[in-house]
Amino acid sequence: MHALKDKVSQKLSNLFADSPTQSASPRYSLSDSPKARLNSSSGKSLSSYFSFGAPQSRKEDAESCPPPPIRTDSYESVENYKHGNGQNQAGTRISNGDDNESDKDGASAKVETGIDHFDKMKQMTELTESSVFITAKLCEFLHACLPNIVRGCKWILVYSTLKHGISLRTLLRRSAELPGPCLLVAGDKQGAVFGALLECPLRPTPKRKYQGTSQTFMFTTIYGQPRIFRPTGANRYYWMCMNEFLAFGGGGNFALCLDEDLLKATSGPSETFGNECLANSTEFELKNVELWGFAHASQYLSS
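Our subject in this report is the structure included herewith.

Reading the values: the criteria
- Residues numbered from 1 in each chain as written.
- Predicted model: local features only at pLDDT ≥ 70, side-chain atom pairs only at ≥ 80, totals over all residues.
- Heavy atoms only, no water.
- Helix = DSSP H or I, 4+ residues; strand = E, 2+ residues; numbered from the N terminus.
- Buried < 20%, exposed > 50% of the residue type's maximum accessible area, 1.4 Å probe, protein only.
- Contact = heavy atoms within 4.5 Å.
- Areas by Shrake-Rupley, 256 points an atom, 1.4 Å probe, with all protein chains shown as cover.
- Phe/Tyr/Trp six-rings, centres within 6.5 Å; stacked < 30°, edge-to-face > 60°.
- Lys NZ or Arg CZ within 6 Å of the ring centre and 35° of its normal.
- Core = buried A, V, L, I, M, F, W, Y, C linked by side-chain atoms within 4.5 Å.
- Pairing = 2+ DSSP bridges.

## A short note on the overall build of the protein
The helix and strand tally for the protein stands at 10 helices and 11 strands. Residues counted as buried form 32% of the 303 residues belonging to the protein. Partitioning the contacts of the protein with sequence separation of at least 6, the portion at a separation of at least 24 is 56%. Total accessible area on the protein is roughly 19300 Å²; 54% of this is exposed by carbon and sulfur atoms.

Below is the structure:
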């Protein structure tokens, strides 16, 4: 047994002694190594073959996993997220989880509604007295239709049938107190509100003669929303004032005609304003008639 072992050892020694590169390099060169052959044949590293079983290094974990989302309280960051400008779009959000878009929209609507309500109430404060017909909505509409010369003025109640009696002559006499544009507001007993912008003082003529300018307009609420009718240019029949009646428009019918007692009135289509009937019927009873003038606050306080 020892003799066989010695023979094998001697043959191995002779074999290595005959090799010229025994001391310079190992049995396999670098290019012939199994690892090198694997790399050169497929272009892949060993780790690629055993990645399903070998754990990755921490560096590889850091490179393969995306960074955690960044939480931010900045409104600008939220806006960037909405518009796609943020670098961490998937993670940017408001830190308070209770806030959402619907809450923001609701809050904005409440703020806007509050502002609109404040503006309407501010316009209503321009009226020096209460009105039977003018609501906040109608006041806002009429305020936008008025000429610039009376913007920001106080609305002064010149005449009202409830305060000054039922008489056209009284209305004409009181209109002389405030020269300039004035607003006639009336209504039927079915709820329609209508009227016209004209110029004070109202001076009756002995014969039928039209007066007024192209600034004259008619309005009504019969369509559910306030609607204005300005002159079409077909004629210059703006308004006519006599002791027996006060009429607006012409060319077919009066757009509005009030009798001398201010109890009854008529309305129909007119070419002057291109309007239809302003009330619920062509002939009707008046609920009330008001005439409003305009004056700057300083003039009103000093009077």
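Structure's up, so let's keep going.
## Some words on unusual backbone geometry
In this structure, the amide linkage connecting Cys200 to the following residue, Pro201, adopts the cis form with an omega of -5 degrees. Considering the arrangement of structural elements, one finds Pro201 in the loop between strand S3 (193-200) and strand S4 (210-211). For Leu262, which is not glycine, the phi dihedral falls at a positive 55 degrees. Following the sequence through the fold, Leu262 ends up in the loop between strand S9 (256-259) and strand S10 (264-266).

## Quick notes on the packing of aromatic side chains
For the structure on display, the rule yields 5 aromatic pairs. Taking 4.7 Å as the distance between ring centres and 20 degrees as the angle between the ring planes, the aromatic pair formed by Tyr210 and Tyr237 counts as stacked. Separated by 27 residues along the polypeptide, Tyr210 in strand S4 and Tyr237 in the loop between strand S6 (227-229) and strand S7 (239-241) bring together distant segments of the chain. When the ring centre of Tyr223 is taken as origin, the NZ or CZ atom of Arg227, which lies over that ring, is 4.7 Å away.

## Some details on the environment of Leu198
With respect to the helices, strands and loops of the structure, Leu198 is situated in strand S3. Residue Leu198 is classed as buried on the basis of its relative accessible area, which comes to 1%. Distance from Leu198 to Gln215, taken between C-alpha atoms, is 7.7 Å for residues 17 residues apart in sequence. Setting aside chain neighbours within four positions, we find Leu198 in contact with Gly180, Pro181, Cys182, Leu184, Trp239 and Phe248.

## What about the nonpolar core?
One finds Leu171, Leu184, Phe194, Met218 and Phe248 to be the most contacted residues of the largest nonpolar core, which totals 33 residues. Elements with a contribution of two residues or more to this core: strand S1 (154-160), helix H9 (168-174), strand S2 (180-188), S3, S7, strand S8 (245-248), S9 and strand S11 (283-295). Residues within four places of Leu184 in sequence aside, it is in contact with Leu171, Phe194, Gly195, Ala196, Leu198, Phe219, Leu246, Phe248, Leu258, Val289, Glu290 and Leu291.

## Observations regarding the pairing of strand S5 (residues 217-220)
Covered by surrounding structure in S5 are Phe217 and Phe219 together with Met218 and Thr220, the residues of both alternating faces. With 4 bridges connecting them, S3 and S5 associate as antiparallel partners. Looking at the pairing, Leu197 lines up with Phe217 of S5. Here 3 bridges tie S5 to S6, and the two strands are oriented antiparallel to one another. If you follow Met218 over to S6, its bridge partner there is Phe229.

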